[in-house]
Amino acid sequence: GFGGSVLRDVIQYVDRIILPYRPSHVVVHSGDEELSRGMTGDQIFAAYQDLVTMIHLDHPQARITWIAMKPSPALWQHADVMRAVNDRAKDFARGDRRLQYVDVFTPMLTAGGTPREELFSEDNLHLNAQGYALWSEILSRYVER
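A short tour of the structure in this document, coming up. Keep in mind the model is a prediction, meaning the values are calculated, not measured.

### Structural notes on the nonpolar core
1) Next: Counting residues in hydrophobic clusters, the biggest one holds 43 residues, and the most contacted among them are Tyr-48, Leu-51 and Trp-66.
2) Next: The element contributing the most residues to this core is helix H4 (residues 41–58), with seven residues.
3) Next: If we skip the residues at most four places from it in the chain, Leu-51 touches Leu-7, Val-10, Ile-11, Val-14, Ile-18 and Val-28.

And the structure:
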């Protein structure tokens with residue numbers, strides 16, 4: 001992806017930014033920008049499914065990992081949508097050995113079930129160094145497989 005992009009932008013440029021590189025593994029994280037633009041959970045998940053289809057048409061054995069939508073304080077009013085998209089991505093991955101789902105959502109919550117604000121920069125949307133350290137720890141278990 002690229003700054004400010006949504007999955008539909010990635011799809012538009014898939015033949016330039018993904019397919020020519022013959023990826024064996026594609027890692028996808030999206031949703032924040034889509035939510036801030038008013039997209040629905042159905043639209044976000046449909047775009048993910050479309051991206052998976054496009055990648056697998058060209059590279060049938062490519063692994064694709066969906067990093068869960070993160071529980072950012074700035075978008076917390078959309079928590080139910082985030083959970084629903086994450087649940088659908090998790091279920092989608094169960095049906096295909098080439099797909100993985102990585103839960104970063106749950107480890108980013110407090111014991112009370114709200115976002116851990118110490119993981120975010122001042123805008124309450126983007127991760128800070130502590131947030132990226134947590135993601136690195138979580139993701140390393142999936143990418144190394």
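### Here we look at the sheet that holds strand E1 (residues 25–28)
1) Next: Read from one edge of the open sheet, three strands run E1-E2-E3, paired in parallel fashion. Among the strands making up the open sheet, the edge pair consists of E1 and strand E3 (99–102). Pairwise comparison of adjacent strand axes, ignoring direction, gives a mean angle of 20° for this sheet.
2) Next: In this sheet, strand E2 (residues 63–67) lies alongside E1 in parallel orientation, the contact comprising four bridges. Bridge pairing in E2 links Val-27 to Thr-65.

What counts, and at which threshold
- Residues numbered from 1 in each chain as written.
- Predicted model: local features only at pLDDT ≥ 70, side-chain atom pairs only at ≥ 80, totals over all residues.
- Heavy atoms only, no water.
- Core = buried A, V, L, I, M, F, W, Y, C linked by side-chain atoms within 4.5 Å.
- Buried < 20%, exposed > 50% of the residue type's maximum accessible area, 1.4 Å probe, protein only.
- Helix = DSSP H or I, 4+ residues; strand = E, 2+ residues; numbered from the N terminus.
- Contact = heavy atoms within 4.5 Å.
- Pairing = 2+ DSSP bridges.
- Axes fitted to C-alpha atoms, helices over the stretch in contact; angles between N-to-C directions.

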